[in-house]
Structures are given as C-alpha cells and as structure tokens.
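Overview (structure and organization)
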Amino acid sequence: MSLKCGIVGLPNVGKSTLFNCISSGKAQSANFPFCTIDPNLGSTNVPDRRLDVLTEICQPKRTVPATVDIVDIAGLVKGASKGEGLGNQFLANIRETDAILHVLRCFDDGNIVHVDGSVNPVRDKEVVDAELQIKDLETVEARIAKVQKQAKIGADKEAAKLLSLLERYREALLKGCSCRSVELLNEEEAAMAKDLYLLTNKPVMYVCNVDEASAVKGNAYVDAVREAVKNENAEVIVLAAKTESDIAEIEDYDDRKLFLDELGLEEPGVVRLIQGAYRLLGLQTFFTAGADECRAWTIRKGDKAPKAAGTIHTDFEKGFIRAEVIKYDDFVKYKSEAAVRAAGKMGIEGKEYVVQDGDIMHFLFNV
C-alpha cells in the first residue's frame, strides 16, 4: 500500500531538513526561498517495538517493517493560489498526497531568513490555509456550476446530494474554514468528498520546528499554535529538526541514547512524527511471523480479512477461505504458533472479520 504524506509550509521553516531526517531520500537544504523546486520523495520505516519483539521470539531470516512515503514539497508563499512563487506546482503536488505534515517555524535565528521578515507561526499557518482554501473555493464553485445543471435538468438525485455537499463546502470556505471542518452525514458523502480531491479536506498534522532548548517542553510559539488549532481536532508535534538531523547521524545505539538522555528525550522526535503520520493516514498494522520472515503489513483501519490477505498477494484475496488469527499479547505469552494453538488461543475468522491492529495472521486460500 503506497500512501504519501506531504511536508508543506512556507520557505525556510525546516521542511527539507526534516525530510532528510525521516526519509531515505536526500533533499537540498539551504538558507534561501525555493531551495526545493521539484518535490523530493523518500520512504521511511515505521518504528514498531512489536515487530522487534516478534523478531526476538522467532529469530527469522529477515525482518521487514511497514513503511510510509514522505514528500518534501516546495515552499508556498502568499498568492500561491494565483500562481505566485511556485504556487501552481506546489498546489498540484499537495493534491497528489494523502495527508499533510504542516511545518511551522517556532524558533528565532537571525541567520535564517524568514520570507515575511519575522517569526509568527500562527500567521504562517493562516497564509498556507488561506491559499489552499482559495484554490478549493475555485474548485468547489466550478463543480457547483456543473452539478446544478445536472440536478435541475434531469432531476438527478445523486447530483442533488453532491450539490448539497458542495454548497456546505462553499459556505465553510467563504467563512475562512477548511473543508475538513464540514461534518459528513454518511459513508456516501464520505465517498463523494474523497472524489473531489480538495486540498483542505486532507488530514493535517502541525509540526512545530523549535530550537534545541525547546525540544522537550516547547515554547511560547508552540503554545500559540496549540491555541490556534484547538478546534481543528489536529495533532501537534514538537521537534527540533536541526537536532534531529544530528541525532540521525549517530549510528551507535549507546551514543545515541546518551545524546537523547542529555537532551531529556526518551526517543527521537521523528519517531513520534512517523508514527503520527501513520495514524494520520488512517493506517494500522498486522503481522506475519515465522522462521523465514517477520513482517509488518499496512492496511487501513476497518479493513476486513480478505482485504488484508490481498496486501500479501492478490490471489490470497481472490481465493480467501479463512484466516488464522493470533493476538499479539498471546503470541508474546506463549512464544510460538504451536503453543498458542495448544492453549486454544488461535482464532479462526471468516470474510467479515475486521482486522485489529497488531493481529498476527495466517491466510488459507484456494485459487
């Protein structure tokens, strides 16, 4: 499953530095606007202690973690919706992502230029929000003009439902609110909303890029951001991108642990960020575990057993018969599939089983 989080924000807020910390790609990072022009794409492993534990128990020939794709997108400026800066390209690149990691500069540094001359993360957030909202309003109004004709001419019930949703989006956007603030009435509306590919309908996480001294508790800038987004039901992550870059370069585990202890951090901030991005995309993990391989597989929350089987191979989904399911805690307790089975803790599930995060699964199929 290939799903992408796009790193967005104004120029010079630390997007490319952050991208380099969390991905296998390498983006140019420099002290001038539009250092990034073409989007940089990288992938990163999703840290999961459960996979480490399964590996310790099974001692497999190889271990394969789940991954998530990260895209570093060019910085946006005021007027991007009208083509200013790299606006049109920026907006097109966002449209291709599944979720947004919005980086906000929350540190003072006279050596790093801010495009608006001063540090104000709430203002920066509002600039990006406004440009995305303006573009969405253009999209929504164009669709309304088209759908109105369909709803009137043919008394099309589906067109009428879409028109109702579009009009609610337009009302929100005209008030300066993002489309994600509009409450969807049912799954049918959720499907219609997805097909519209609206920029402000994508789930968002705010990443407050702070200085090293503020990496643990944040600062006044972070407090202002939290207050500004308190009604958005959005997650706020605090990390120091420059410090994370230093942490990423320390290969020795003990040396890295010592450095983290000195900073007062239990784990690198990028670990929390990657795990948060995974949740933001509505993803969860199931495992396969054995002597040959321990592997984390990515599915969407709510996926049923056949869909999960299909992530391993399409034939597994087409010929699905049943799934043998072991709960993670039971596997850790009994240490092997045979012991779990002997203890009567092996679940046999059919096509309607909704896979739970952490399930260890074996699929039976016939094609």
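See the structure above.
Note that the coordinates shown come from a computational prediction; the quantities given were computed from them, not determined experimentally.

This part takes up the overall build of the protein chain. What the protein chain contains, in helices and strands, is 14 helices and 12 strands. A total of 367 residues make up the protein chain; the buried ones form 49% of that total. By sequence separation, contacts in the protein chain at least 24 residues apart represent 68% of the contacts at least 6 residues apart. Just so you have it, the protein chain exposes about 18,100 Å², and 49% of that area is on carbon and sulfur atoms.

Our next topic: the packing of aromatic side chains. Counted by the stated rule, this structure contains 4 aromatic pairs. Aromatic side chains F286 and F363 sit 5.9 Å apart centroid to centroid with 90° between the ring planes, which places their arrangement in the edge-to-face category. Separated by 77 residues along the polypeptide, F286 in strand β8 (residues 283–289) and F363 in strand β12 (residues 360–365) bring together distant segments of the chain. Taken individually, F286 and F363 each receive the classification buried, so the pair is uniform in this respect. Taken together, the aromatic side chains of F286, W297, F320 and F363 make up a single cluster linked through ring pairs. One cation-aromatic arrangement involves R295 over W297; the distance from NZ or CZ to the ring centre is 4.1 Å.

If you walk through the whole model with that rule in mind, you get 23 salt bridges. Salt-bridge contacts for R62 lead to E293; the nearest nitrogen and oxygen are separated by 2.7 Å. Of the two residues, R62 sits in strand β3 (residues 62–64) while E293 sits in strand β9 (residues 293–300), which places them 231 residues apart along the sequence. You can call R62 partly exposed: its relative accessible area is 49%.

It is worth spelling out the environment of L273 at this point. Relative to the helices and strands, L273 resides in helix α10 (residues 269–280). You can call L273 buried: its relative accessible area is 0%. As a C-alpha pair, L273 and I22 span 251 residues in sequence and 8.7 Å in three-dimensional space. Once you skip the residues sitting within four places of it in the chain, L273 turns out to touch L18, I22, L101, M205, V207 and L239.

One finds L18, I22, I70, L101 and L273 to be the most contacted residues of the largest nonpolar core, which totals 65 residues. The leading source of residues in this core is α10, at 6 residues. Setting aside its immediate chain neighbours within four residues, I70 contacts C5, I7, F19, I22, N40, L41, G42, T44 and L101. Counting 19 residues, the second largest nonpolar core, distinct from the first, contains L137, A151, A172 and C179.

Turning to unusual backbone geometry, a few remarks are in order. With phi around 65°, N12 is a residue other than glycine that occupies positive phi space. Among the structural elements, N12 can be located in the loop between β1 (4–8) and α1 (15–22). Positive phi, close to 50°, is recorded for Q59, a residue that is not glycine. Locating Q59 in the fold gives a position in the loop between α2 (49–58) and β3. The class of Q59 is exposed, set by a relative accessible area of 60%.

This paragraph deals with the sheet that holds strand β7 (residues 235–239). Ordered in space as β2-β4-β1-β5-β6-β7, the 6 strands form an open sheet in which the pairing is mixed. Edge positions in the sheet fall to β2 (40–45) and β7, since each of these pairs with one other strand and no more. Put simply, the sheet's adjacent strands are angled 25° from each other on average, direction ignored. Pairing of strand β6 (residues 204–209) with β7 involves 5 bridges; the strand directions are parallel. Residue M205 lies in a different strand from β7, and its bridge partner there is E235. Along the sheet, α1 makes contact with β1, β2, β4 (67–72), β5 (99–105), β6 and β7, crossing β4 at roughly 155°.

Take the environment of N186 next. Relative to the helices and strands, N186 is located in the loop between α5 (157–174) and α6 (187–196). By relative accessible area, which is 39% here, N186 ends up partly exposed. Of the polar contacts made by the side chain of N186, one reaches the backbone nitrogen of E188; its length is 3.2 Å. Separated by 2.8 Å, the side chain of N186 and the backbone nitrogen of E189 make a polar contact.

This brings us to the state of the cysteines. One pass over the structure, following the stated rule, counts 0 disulfides. With no disulfide partner, C177 has as its closest neighbouring cysteine sulfur the one in C179, 9.9 Å distant. Taking the relative accessible area as the measure of exposure, C177 reaches 33% and is therefore partly exposed.

Turning our eyes to something else, we now look at α6. E189, M192, A193 and L196 are the residues of α6 that are buried. The buried side chains of α6 occupy one side of the element, clustering within an arc of 100° when seen end-on. Of the exposed residues in α6, the ones pointing more than 90 degrees away from its buried face are E187, K194 and D195. Two or three places before E188, at the start of α6, stands the capping residue N186, its side-chain oxygen 3.2 Å from that residue's backbone nitrogen. The first or second residue beyond α6 is Y197, which carries a positive phi of 55°.

Turning our eyes to something else, we now look at the side chain of R105. With respect to the helices and strands, the residue R105 is situated in strand β5. Buried charge R105 goes without a salt bridge, the closest partner of opposite sign being D109 at 5.7 Å. Engagement of the side chain of R105 in a polar contact is seen with the backbone oxygen of F107, the distance being 3.1 Å. Among the polar contacts made by the side chain of R105, one reaches the main-chain carbonyl oxygen of D109 at a distance of 3.1 Å.

Rules used throughout
Residues numbered from 1 in each chain as written. Predicted model: local features only at pLDDT ≥ 70, side-chain atom pairs only at ≥ 80, totals over all residues. Heavy atoms only, no water. Helix = DSSP H or I, 4+ residues; strand = E, 2+ residues; numbered from the N terminus. Buried < 20%, exposed > 50% of the residue type's maximum accessible area, 1.4 Å probe, protein only. Contact = heavy atoms within 4.5 Å. Areas by Shrake-Rupley, 256 points an atom, 1.4 Å probe, with all protein chains shown as cover. Phe/Tyr/Trp six-rings, centres within 6.5 Å; stacked < 30°, edge-to-face > 60°. Lys NZ or Arg CZ within 6 Å of the ring centre and 35° of its normal. Salt bridge = Lys/Arg side-chain N within 4 Å of Asp/Glu carboxyl O. Core = buried A, V, L, I, M, F, W, Y, C linked by side-chain atoms within 4.5 Å. Pairing = 2+ DSSP bridges. Axes fitted to C-alpha atoms, helices over the stretch in contact; angles between N-to-C directions. Polar contact = N/O pair within 3.5 Å; in protein donor to acceptor, adjacent residues only side chain to side chain. Disulfide = S-S within 2.5 Å. Arc of directions from axis to C-beta. Lys, Arg positive; Asp, Glu negative; His and termini not counted.

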